[in-house]
Amino acid sequence: MRRFRTILGFELRGYFTNKVFVAVTVVLVVAIAAVLFFPRASALVTDIFGDDAADGTEEGDESEEINRDELPLMLVSAPDDIESTVIDSFSSAFLNYNVKPADTDDVDAIKKSVSDGDAECAFVLGSMTSYTYYSTTNSLFDSNTMVADETLRSLAMVSEMMSAGISPEEAGSILATVIESETVTLGASGDGDLSGGVDFISSLIYTYIMVYALYIVILVYGQMVATSVATEKSSRAMELLVTSTDPVSMMFGKVFAACIAGLTQIAAVFGTALVCFAVNEPWWGDNMVVRSIFDMPLSLLLYMLLFFLLGFLVFAFMFGAIGSTVSKLEELNTASMPVVLIFVVGLMVVVFGMSSGNIDSTVMRVFSYIPFTSPMAMFTRIAMGSVPAYEIAISVAILSVSVFIIGYVSAKIYRIGVLLYGTPPKPSAIIKALRRA
Amino acid sequence: MKLEFCGIKKSFGEKLVLDGVSFSAESGSAFGLLGRNGAGKTTSIRILMNVFPADGGQILLDGAPIDYKKVGFGYLPEERGLYPKKKIFDQLVYFAELHGMKRQDAASSVDSWLRRLGMAEYRDKRLDTLSKGNQQKIQLITALAHDPDIVILDEPFSGLDPVNARLLKDVVREVIGNGCLVIFSSHQMNYIEEFCDTIAILHGGNVVLSGDLGEIKHSYPRNRLTVRSRELERMRAALPPDVTFEADGDGGSATLTLPSPDRKAELMSALTRSFDIDEIAVKEPSLNDIFVEYAS
């Protein structure tokens, strides 16, 4: 036990004095803080900038005029009888454009001013219900035609209603009819609370983030364990280590050190995020995406911690055993390929399950019991759906037992592997040696 | 403290590496474990240090099976290697702690060894910034800093310049003098001859020769004389016909072989009377000769 503590301490000092480790953590923390402080900072900058603008001009309207002129130009050409109505409606619909009537009815001249870049886009209306849209970009995010459709449909409806003898006010209130609705998602949320349910979209976002965090941290730190073992072997420090201490202490010391280092990094990043969000909450206003991430239930964080610990231990032990079978660092990538592949397949299935919306499919159910994939699969099912408590218990139990079995077998492989040099042993040779050990 | 290997057997898969190895060594002296490459020296050492168990036989310490919780080992492996990217002091303390020392004791012991070997200035440097010989001295500290009962030195002198070799010799003598049991494994027979009182030669998984080195040498037929003189040619002509004359490589000395050791005193006095002799002695086999004889 004392040796375990000595090894744990030595390995931890190794992580915390490693410049790369410290630098990555600091960069991540600073980046997260920068993102979360951004709205506040930009509001501050706008305030200062806005004050300057107000000082420079005497009337607020004028500054709005100036701002409006700076916007991209949108030309609108319409039959004379409806032109002013259309221009007014478009001006209020397209707030990001400087909407101007076209000087000419000549379509070619309008097209030319768009293609020359004088105007960013142009609408040429044949009537209230038909138009041609000219633009140099046809981007996925160009929603101008949708806005125009909506605006024109309203105009057409109002004019129809008016011709049917309905007053403009009545027409306006008919069009402004609001449907009140409420969506209630039924089902168990992570903590078994049946009343609230889990909102699919917001849970999708934070589950994505957390599953990827699990994936990255387990893989990165697992590989670190493998590298650390392989380095000791290739530098022959192993010769001395195996005669100084027992392989179980060595393996467990290394794995737990990596685990603590990983947790520290997660805690630093997530902690910074939580604190920065709490400080800046008012500035994020009603940004649903960001809010949904930080509204994640506490129980889910605890599940994440649990599955990170168990999943990490399973993979770190395997990586440690793999590290012990190679003689040189260069061989490590090839040797660890099978384990990495298992993990990647797990991630893919989980991500497909998430995006398909069917997170309780048979594959996901099966994967949430297999110890190599259950950390991600079961976590996703808990986060995004309703999983009975007994299923969670079974999954966690299988995973915990696997940790012990894999830890035990890995320590045995380690004991044999560390003294083997030359070509990495075939799996069959390892199994034979394990039987003898 | 007496260490005994009693019929140790070990095989890896189908390959029999040790086939009943037995020898004994005592503290306060050095023991030489010799053998050609692949003879089973490293396997014996690893079994002794409990890296893996023997298939058969046992290791006794003072007559009782060895208790690994009580005996401290210091090991200088033939394949040297520590953590190249870590500070020297940190890793030395780490290894001493792994051997059961408390942190403060480990730190003060490491510091005193660094001073003893003239390495104090490198205390906070990274290992890979040191020359090969200096790295070897650091490695030696890992074998000695925790004050072990049994020290195993595998090829301790390889890669050392004469000055460092002398320093190491002094250290080894000091360690032996402190009552340590030192086990040497080396191909450099001159060092073994210099340090070891007892030896064992491993060959093909067996001990083919073991015991007190002086007695082993003495047990060889003492029918050969080594002579150094300027009058070798004149001497050769005057020798009795049953004495074989063999000039040594340097030209200044020769080996005389008698049919039996009985007449050697008579011949020695006759030669000393008749010729100008610089040196004459009964020729003992060198460890090198013995090794070649038994291990080939």
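Note that the coordinates shown come from a computational prediction; the quantities given were computed from them, not determined experimentally.

Asks: Before we go on, may I ask you to explain the overall build of chain B in this structure?
Replies: Along the backbone of chain B there are 10 helices and 14 strands. Residue burial in chain B is summarised as follows: out of 296 residues, 48% are buried. Long-range contacts, defined here as pairs at least 24 residues apart, represent 67% of the contacts in chain B between residues at least 6 apart. When the accessible area of chain B is evaluated, it comes to approximately 13,900 Å², of which 46% is carbon and sulfur surface. Distance between charge centroids for chain B: 5 Å, based on 36 positive and 42 negative side chains.

Asks: Help me out: how do you make sense of the pairing of strand 1 (residues 73–77) of chain A in this one?
Replies: For a regular strand, the rule is simple: side chains alternate between the two faces of the sheet. All names here are of chain A. Buried residues dominate strand 1, accounting for four of its five residues. Handedness of the crossover is the feature at issue here: the chain leaves strand 1, passes through helix 4 (residues 80–93), returns alongside strand 2 (residues 98–101), and the resulting connection is right-handed. Relative to strand 3 (residues 121–127), strand 1 runs parallel, the two being bridged by four bridges. Bridge pairing links V76 to F123 in strand 3.

Asks: Looking at this model, I keep getting lost on the packing of aromatic side chains. Mind explaining?
Replies: Pairs of aromatic rings are described using the distance from one ring centre to the other and the angle between the two planes. Applying the stated rule across the entire model yields 32 aromatic pairs over all chains. For the ring pair F21 of chain A and Y221 of chain A, a centre distance of 6.4 Å and an interplane angle of 80 degrees mean the geometry is edge-to-face. Here the residue F21 of chain A occupies a position in helix 2 (residues 19–56), and Y221 of chain A occupies one in helix 8 (residues 200–234), the gap between them amounting to 200 residues. Comparing F21 of chain A with Y221 of chain A, the two get one shared label, buried. Of the aromatic side chains, those joined through ring pairs into one cluster are F90, F94, Y97, F123, Y131 and Y133 of chain A. Across from the ring centre of Y83 of chain B, 5.9 Å away, lies the NZ or CZ of K86 of chain B, which sits over that ring.

Asks: Got a minute to help me understand the interface of chain B and chain A in this structure?
Replies: How large an interface is tends to be reported as the accessible area lost when its parts come together. Every contact between the two is made by 28 residues of chain B and, on the other side, 21 residues of chain A. Roughly 2,200 Å² of surface becomes buried between chain B and chain A when both sides are summed, with 60% attributable to carbon and sulfur atoms. Per-residue buried area on chain B facing chain A is highest for V51, Y94 and L98 of chain B; these three make up 27% of the total on that side. For the interface between chain B and chain A, the tally reads two salt bridges. A salt bridge links R236 of chain A to E79 of chain B; the shortest N-O distance between them is 3.7 Å. One can count five residue pairs in polar contact (both at pLDDT 80 or more) joining chain B with chain A. Counting residues per element, the ones that place at least two in the side of chain B that touches chain A are helix 2 (88–98) and helix 4 (132–144) of chain B.

Asks: Before we go on, may I ask you to explain the sheet that holds strand 13 (residues 253–257) of chain B in this structure?
Replies: Backbone-to-backbone hydrogen bonds pair the strands of a sheet. The strands run either parallel or antiparallel. Residue and element names in this part refer to chain B. The strand order across the open sheet built from four strands is 12-13-11-14, with neighbouring strands paired in antiparallel fashion. On the outer flanks of this sheet lie strand 12 (244–247) and strand 14 (277–282), each paired with one strand and no other. Within this sheet the neighbouring strands show an average axis-to-axis angle of 20 degrees, counted without direction. Bridging between strand 11 (residues 224–229) and strand 13 involves five bridges; their strand directions are antiparallel.

Asks: Help me understand helix 2 of chain B in this model?
Replies: Working note: α-helix, 3.6 residues per turn, so residues spaced by three or four point in the same direction. With 10 of 11 residues buried, helix 2 of chain B lies mostly within the body of the structure. All of the buried residues in helix 2 of chain B are I88, F89, Q91, L92, V93, Y94, F95, A96, E97 and L98 of chain B. Buried residues belonging to helix 2 of chain B abut helix 1 (2–16) and helix 9 (237–244) of chain A together with helix 3 (103–116) and helix 4 of chain B.

Asks: Please explain the packing of helix 2 of chain B against helix 3 of chain B as it appears in this structure.
Replies: Axis angle and axis distance: for two packed helices, these are the angle between their axes and the distance between the axes, and together they describe the pair. All names here are of chain B. Helix 3 packs onto helix 2 with a crossing angle of 125 degrees between their chain directions and a minimal axis gap of 9 Å. It follows from the interaxial angle that helix 2 and helix 3 lie oblique. As helix 2 runs across helix 3, the sense of the crossing is right-handed. The residues of helix 3 that touch helix 2, namely those facing I88, F89, L92, V93, A96 and E97, are R103, A106, A107, V110, D111 and L114.

Asks: For this particular structure, what's the right way to read the domain arrangement of chain A?
Replies: By domain assignment, chain A separates into domain 1 (68–173) and domain 2 (185–436). The C-alpha centroid of domain 2 of chain A is placed 55 Å from the C-alpha centroid of domain 1 of chain A.

Asks: Just to check I follow, could you spell out the confidence of the model for chain A for this structure?
Replies: Any region with low pLDDT has predicted coordinates that should not be read closely. All names here are of chain A. Counting all residues, the mean pLDDT for chain A is 83, and 88% of those residues have values of 70 or more. Ranking the helices and strands of chain A by mean pLDDT puts helix 16 (residues 389–417) first, with 91, and helix 3 (residues 60–70) last, with 57. Here residues 53–64 is modelled with pLDDT under 50, and outside its nearest four sequence neighbours on either side it reaches two contacts, counting other chains as well. Below a pLDDT of 50 lies the segment residues 188–198, which in the model reaches 21 contacts outside its immediate sequence neighbourhood of four places, other chains included.

Asks: Got a minute to help me understand a negative patch on the surface in this structure?
Replies: Residues D80, D81, D105, D106 and D108 of chain A make up a contiguous surface patch of negative charge. The topology assignment puts D108 of chain A in helix 5 (residues 107–115).

Asks: Explain the nonpolar core to me, please; I cannot follow it from the model alone.
Replies: Most often, soluble globular proteins keep nonpolar side chains buried together rather than apart. Ranked by size, the top nonpolar core spans 167 residues in total, and within it F312 of chain A together with F184 of chain B carry the most contacts. With near-sequence residues (within four places) excluded, F184 of chain B lies in contact with A30, F31, G32, L33, L153, P156, F157, V172, I192, F195 and C196 of chain B. If you look at the next biggest cluster of nonpolar residues, it comprises 18 residues, including I82, Y97, M128 and A148 of chain A.

Asks: Whenever I open this one, the sheet that holds strand 2 (residues 15–26) of chain B confuses me. Can you help?
Replies: All names here are of chain B. Taken in spatial order, the four strands of this open sheet run 2-1-4-5, and their pairing is antiparallel. With one partner strand each, in any of the chains shown, strand 2 and strand 5 (64–65) form the two edges of the open sheet. Inspection of the sheet shows strand 1 (residues 2–12) paired to strand 4 (residues 56–61) by five bridges, in the antiparallel sense. By the bridge assignment, K9 is partnered in strand 4 with G56.

Asks: Just to check I follow, could you spell out the pattern of salt bridges for this structure?
Replies: Tallied over the entire structure, the rule returns 26 salt bridges over all chains. Note that E239 of chain A and R236 of chain A form a salt bridge whose closest N and O atoms lie 3.7 Å from each other. Here E239 of chain A and R236 of chain A have matching classes, each one buried. The shortest N-O distance in the salt bridge between E279 of chain B and R228 of chain B comes to 3.3 Å. Here E279 of chain B, found in strand 14, pairs with R228 of chain B, found in strand 11; they are 51 residues apart in sequence, far enough to count as distant. Overall, the relative accessible area of 41% leaves E279 of chain B in the partly exposed class.

Asks: Is there a simple way to explain the packing of helix 4 of chain B against helix 5 (residues 162–177) of chain B in this structure?
Replies: Residue and element names in this part refer to chain B. Here helix 4 crosses helix 5 at 5 degrees, and the two axes come no closer than 12 Å. Between helix 4 and helix 5, the interaxial angle falls into the category roughly parallel. Side by side, helix 4 and helix 5 meet where K137, L140 and L144 of the first sit next to N164, L167, L168, V171 and V175 of the second. Counted by class, the contact of helix 4 with helix 5 contains six nonpolar, one polar and one charged residues.

Conventions used here
Residues numbered from 1 in each chain as written. Chains lettered and ligands numbered in written order. Predicted model: local features only at pLDDT ≥ 70, side-chain atom pairs only at ≥ 80, totals over all residues. Heavy atoms only, no water. Helix = DSSP H or I, 4+ residues; strand = E, 2+ residues; numbered from the N terminus. Buried < 20%, exposed > 50% of the residue type's maximum accessible area, 1.4 Å probe, protein only. Contact = heavy atoms within 4.5 Å. Areas by Shrake-Rupley, 256 points an atom, 1.4 Å probe, with all protein chains shown as cover. Lys, Arg positive; Asp, Glu negative; His and termini not counted. Charge placed at Lys NZ, Arg CZ, Asp CG, Glu CD. Right-handed = clockwise from strand over helix to strand, strands pointing away. Pairing = 2+ DSSP bridges. Phe/Tyr/Trp six-rings, centres within 6.5 Å; stacked < 30°, edge-to-face > 60°. Lys NZ or Arg CZ within 6 Å of the ring centre and 35° of its normal. Buried area = accessible area lost by both parts, 1.4 Å probe. Salt bridge = Lys/Arg side-chain N within 4 Å of Asp/Glu carboxyl O. Polar contact = N/O pair within 3.5 Å; in protein donor to acceptor, adjacent residues only side chain to side chain. Axes fitted to C-alpha atoms, helices over the stretch in contact; angles between N-to-C directions. Parallel < 35°, antiparallel > 145°, perpendicular 65-115°, else oblique. Left-handed = near helix turned anticlockwise from the far one by under 90°. Domains from an automatic or database assignment. pLDDT = per-residue confidence, 0-100. Patch = residues over 30% accessible without salt bridge, like charges linked within 9 Å, V, L, I, M, F, W, Y side chains within 5 Å. Core = buried A, V, L, I, M, F, W, Y, C linked by side-chain atoms within 4.5 Å. Nonpolar A, V, L, I, M, F, W, Y, C, P; charged D, E, K, R; others polar.

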